[in-house]
Amino acid sequence: MIGVGETAIGFGLLVGLLFLGLHVATAMFAVAAIGAVVYLSPALVAAAGMQFWGAMEDYVLLSIPLYILLGEILVRSGSTDRLYQSLSDWLNPLPGGLLHTNVGASAIFSAVSGSSVATAATIATVALPSFRKRKYDDRLVLGSIAAGASLGNLIPPGIALIVYGALTNTSVGQLYAAAVIPGIVMTLLFMATIIVLALARPDLVRQKEVLDPLLVRLKRLVDLLPPLVIFTIIMGSIYTGWATVTESAALAVVAALPIAAFYGRLNVKMLHECFIATAQLTAMSMLVLAAAFYLNFVLGLLGVTPALGKFVTDLGASRIELLIALAVFYLLLGIFFESLPMMVGTVPIVFPVVVAAGIDPIWFGVFMVLMCEVSLLSPPVGMTLYVIQAVRREGTIAQVFAGTIPFFAAMVLMTALLIAIPEMALWLPRLMYTP
């Protein structure tokens, strides 16, 4: 058994190793190994292989490469380009014009890809050429793309929700249900931010869009069907009990193949590229998760959970005070760390504290993922910001940073709303899963 002081030293060591530039998986394994050798037995380091194998046997984790593959197929099928055009037909009349399409297309693509980075790369590739010939402020364009991309993990089937569920042994289906309303509210807050900026500063969106005839726009609505069908297959099969989270992902991949064939993009070369990209992203994610599970194993043997639970009980902090402290902690941490390392590095420590304080694990999962998404908008290490700049290939990253400021404020507001109104995340899972 170790106390809170030793736990704090271990967490400080983990943060220090990450600051030194060590890969997050290496840093977590090093901290776990040091803890095992110092407080338990060196033999536990040799047991790491068994822990890695056991962690990767989790059936739910198989859904991660399937969702990555799904996103890759949809991007290469060309359906995202058509989705963007169809949405722009109906969102352009709003104050802010085409900027709303960045957010709307990101929200819909997030509902089938589950990845913020994939959403950022896809929407930036599709959107930026459209804006180069229009008189929109570059910073606002880039900020709206980054904001929309941050919905990638929050809107089901976000991969971060799967990771959190695996780390905490929490129902992924209930996490998906809990994230639906917050995801919608966050999308609307981003669009409201654009409207306010457009009304306050009309010079930022100076060009009025000329709409195509109504009949043409109605015909293009068919291009919204592929992602909506995929989303219905994923969420419908889970909530009706016809399929598990992993099985629903497999069904979605199968459904994406005829979509790619319909658009004339399905061939061996395209599938090969999809498989290579999926393997690369999966290997990176699973290495981090394996190290996180080993750290969890060592922390459990060291008695960190009861020690932190007693500490929180003795502290006497209210739920609101604890959550505000955690929100500030994650906002600051997000400035220096990316979302996945931040989640897997802190959840083993923070989750016992949250449970001891009587906070619902399902609600906290949504809160945790929202905090991770905030980190994606936080300079100087927000991954989506660099992805967008890489696609852009002109200007400076400082313009991307500046563009995210109003949307960062919207996410802080969303965090406050989620804390103040927990039923926003709890109402739907209780409705769907309570007998």
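Residues numbered from 1 in each chain as written. Predicted model: local features only at pLDDT ≥ 70, side-chain atom pairs only at ≥ 80, totals over all residues. Heavy atoms only, no water.

**A word on the overall build of the protein**
Working step 1: Within the protein one finds 22 helices and zero strands.
Working step 2: A globule of 435 residues ought to have a C-alpha radius of gyration of about 22 Å, and the protein, at 22 Å, matches this closely.
Working step 3: The principal-axis extents of the C-alpha atoms in the protein amount to approximately 70 × 50 × 50 Å.
Working step 4: For the protein, the proportion of its 435 residues judged to be buried stands at 55%.
Working step 5: For the protein, the proportion of contacts with a sequence separation of at least 24, taken over those separated by at least 6, is 79%.
Working step 6: Surface exposure of the protein reaches about 18100 Å², of which carbon and sulfur atoms provide 71%.
Working step 7: In the protein, the 20 positive side-chain charges and the 21 negative ones have mean positions that sit 13 Å from each other. (Helix = DSSP H or I, 4+ residues; strand = E, 2+ residues; numbered from the N terminus. Rg over C-alpha atoms; globule rule 2.2 N^0.38 Å. Buried < 20%, exposed > 50% of the residue type's maximum accessible area, 1.4 Å probe, protein only. Contact = heavy atoms within 4.5 Å. Areas by Shrake-Rupley, 256 points an atom, 1.4 Å probe, with all protein chains shown as cover. Lys, Arg positive; Asp, Glu negative; His and termini not counted. Charge placed at Lys NZ, Arg CZ, Asp CG, Glu CD.)

**Points about empty space enclosed by the protein**
Working step 1: Tallying each qualifying case throughout the model produces two cavities of 30 Å³ or more.
Working step 2: By volume, the second largest cavity is sized at about 40 Å³.
Working step 3: In terms of lining residues, the second largest cavity is bounded by Leu74, Ser79, Thr80, Leu83, Phe109, Val112 and Pro227.
Working step 4: No other element matches helix H6 (residues 79–91), which puts three residues into the lining of the second largest cavity.
Working step 5: Each residue belonging to the lining of the second largest cavity can be placed in one class, and the counts come to five nonpolar, two polar and no charged. (1 Å grid on protein atoms, 1.4 Å probe; cavity = no way out; pocket = protein on both sides within 12 Å on 5 of 7 lines; lining within 4 Å. Points joined across faces, edges and corners; volume = space filled by probe spheres on them. Nonpolar A, V, L, I, M, F, W, Y, C, P; charged D, E, K, R; others polar.)

**Considering the nonpolar core**
Working step 1: The biggest cluster of nonpolar side chains holds 145 residues, and the ones touching the most others in it are Leu70, Met186, Met343, Trp363, Phe364 and Phe367.
Working step 2: Among the elements that make up this core, the one with the highest residue count is helix H15 (residues 268–301) (12 residues).
Working step 3: Sequence-distant contacts of leucine 70, that is, excluding residues within four places in its chain, are made with Val112, Ile230, Ile234, Ala252, Val253 and Ala256. (Core = buried A, V, L, I, M, F, W, Y, C linked by side-chain atoms within 4.5 Å.)

**Details of unusual backbone geometry**
Working step 1: Residues proline 156 and proline 157 are joined by a peptide bond in cis, for which omega reads 5 degrees.
Working step 2: With a phi angle near 60 degrees, asparagine 169 is a residue other than glycine that sits in the positive phi range.
Working step 3: Its location among the elements puts asparagine 169 in the loop between helix H10 (159–168) and helix H11 (172–200).
Working step 4: Given a relative accessible area of 74%, asparagine 169 falls into the exposed group.

**Some thoughts on helix H2 (residues 24–39)**
Working step 1: The end-to-end C-alpha distance of H2 is 22 Å, a good match for the 22 Å that 16 residues give at a rise of 1.5 Å each.
Working step 2: Where H2 is concerned, the buried positions are Val24, Ala25, Ala27, Met28, Val31, Ala32, Ala33, Gly35 and Ala36.
Working step 3: In this structure, the buried side of H2 is in contact with helix H1 (4–19), helix H3 (43–46), H15 and helix H18 (339–356). (Expected span 1.5 Å × (residues − 1).)

**A few points about the packing of aromatic side chains**
Working step 1: In this structure the tally under the stated criterion is eight aromatic pairs.
Working step 2: On the numbers, 5.3 Å between centres and 15 degrees between planes, the contact of tryptophan 363 with phenylalanine 367 is stacked. Of this pair, tryptophan 363 and phenylalanine 367 both sit in helix H19 (residues 361–376), separated by four residues, roughly a single helical turn.
Working step 3: Judged by its relative accessible area of 0%, phenylalanine 367 falls in the buried class.
Working step 4: In textbook terms, an aromatic cluster arises when at least three aromatic residues are bridged by ring pairs, as seen for Tyr164, Phe351, Trp363, Phe364 and Phe367.
Working step 5: In this structure, arginine 217 packs its charged tip against the face of tryptophan 90, placed 5.1 Å from the ring centre. (Phe/Tyr/Trp six-rings, centres within 6.5 Å; stacked < 30°, edge-to-face > 60°. Lys NZ or Arg CZ within 6 Å of the ring centre and 35° of its normal.)

**What about helix H5 (residues 63–77)?**
Working step 1: Over its 15 residues, H5 extends 21 Å from the first C-alpha to the last, a length consistent with the 21 Å expected when each residue adds 1.5 Å.
Working step 2: Burial runs high along H5: 13 of the 15 residues are buried.

**Quick notes on the confidence of the model for the protein**
Working step 1: Of all residues in the protein, 95% have pLDDT values of 70 or greater, and the mean over the chain is 83.
Working step 2: Averaged pLDDT values over the elements of the protein bottom out at 68 in helix H16 (residues 304–315) and peak at 92 in H11. (pLDDT = per-residue confidence, 0-100.)

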